[in-house]
Amino acid sequence: MKTIDFFVNGTEISVTCSPSKTLLEVLREDAGLTGSKECCGKGECGSCTVSLNGLPVCSCLVLAGQVHGENIITVEGIGTPENMDPVQQAFMDEGATQCGYCTPGLIVSARSYLNSIGHLPGLDEIKQALGGNLCRCTGYTKILKAVQTAAEKQLTFREL
């Protein structure tokens, strides 16, 4: 057992656990943040995606011992129902959710991607950015449109 200190959604937390416990398990079981979902457990689906120091990672592949002192953002840290992030709002407005299981990972990946660019991305760029996230319910059209809509809103806001 080891004490691991790190930041989650801007709050420092301390967890005593096996350093080989996955970040996904720590977030869900120890921190009570259940937005990130376990699906494949192999880093292939993206349902467990979180931002680690600004980069999207599959939390099922990251060990707790690797995040000591690091900064994690989960879907819970991106926005609230009362004050949604533009990505979340665009997913709602464009009808980009169905069952919702993959949505948290898609939102984290989309937010991380949009934070890293300063231009309106094309569909191919968005597809590349979301390539690690699978959705079994949709044909991705509404998801891609939602990310484009969020990018447009973000760029408009930056220009103001």
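Residues numbered from 1 in each chain as written. Predicted model: local features only at pLDDT ≥ 70, side-chain atom pairs only at ≥ 80, totals over all residues. Heavy atoms only, no water.

### Structural notes on the domain arrangement of the protein chain
- Per the domain assignment, the segments of the protein chain are domain 1 (2-78) and domain 2 (86-159).
- Here domain 1 packs against domain 2, burying approximately 1200 Å² in sum over the two surfaces, 61% of which is carbon and sulfur.
- A per-residue breakdown of the area domain 1 buries against domain 2 is headed by Cys 45, Val 75 and Ile 78, which together make up 37% of the total.
- Put simply, domain 1 and domain 2 have four residue pairs in polar contact (both at pLDDT 80 or more) between them.
- Top contributing element to the side of domain 1 that touches domain 2 by residue count: strand 3 (residues 49-52), with three residues.
- Its residues assigned to classes, the side of domain 1 that touches domain 2 comprises seven nonpolar, seven polar and three charged. (Domains from an automatic or database assignment. Buried area = accessible area lost by both parts, 1.4 Å probe. Polar contact = N/O pair within 3.5 Å; in protein donor to acceptor, adjacent residues only side chain to side chain. Helix = DSSP H or I, 4+ residues; strand = E, 2+ residues; numbered from the N terminus. Nonpolar A, V, L, I, M, F, W, Y, C, P; charged D, E, K, R; others polar.)

### Remarks on the nonpolar core
- Residues Val 87, Phe 91, Leu 114, Leu 130, Ile 143 and Val 147 are the most contacted members of the largest nonpolar core, which totals 23 residues.
- Looking at this core, the elements that each hand over two or more residues are helix 2 (86-93), helix 3 (103-116) and helix 5 (141-159).
- Formed by 16 residues, the second largest nonpolar core is a distinct cluster that contains Ile 4, Ile 13, Leu 23 and Leu 27. (Core = buried A, V, L, I, M, F, W, Y, C linked by side-chain atoms within 4.5 Å. Buried < 20%, exposed > 50% of the residue type's maximum accessible area, 1.4 Å probe, protein only.)

### Description of the environment of Pro 86
- Note that Pro 86 resides in helix 2.
- Pro 86 gets classed as partly exposed once you look at its relative accessible area, which sits at 31%.
- Those residues within four positions of Pro 86 in sequence are excluded, and the remaining contacts are Arg 111 and Ala 150. (Contact = heavy atoms within 4.5 Å.)

### A short note on the environment of Phe 7
- Locating Phe 7 in the fold gives a position in strand 1 (residues 2-8).
- Looking at Phe 7, the relative accessible area reads 35%, which means it is partly exposed.
- A sequence separation of 45 residues divides Phe 7 from Leu 52, and the C-alpha atoms of the two residues are 9.9 Å apart.
- Leaving out residues up to four positions away in the same chain, Phe 7 has contacts with Glu 12, Glu 70, Asn 71 and Ile 72.

### Section: the sheet that holds strand 2 (residues 11-17)
- Spatially, five strands are ordered 2-1-5-3-4 in an open sheet, and the strand pairing comes out mixed. The two strands at the open ends of the sheet, each matched to only one other strand, are strand 2 and strand 4 (55-58). Shown here is a sheet whose adjacent strand axes are inclined to one another by a mean of 40°, direction ignored.
- Two elements, strand 1 and strand 2, share seven bridges in a ladder whose sense is antiparallel. Within the sheet, the bridge partner assigned to Phe 6 lies in strand 2 and is Ile 13.
- Against the sheet, helix 3 makes contact with strand 3, strand 4 and strand 5 (71-73), and its axis sits at roughly 30° relative to strand 3, the strand it touches most. (Pairing = 2+ DSSP bridges. Axes fitted to C-alpha atoms, helices over the stretch in contact; angles between N-to-C directions.)

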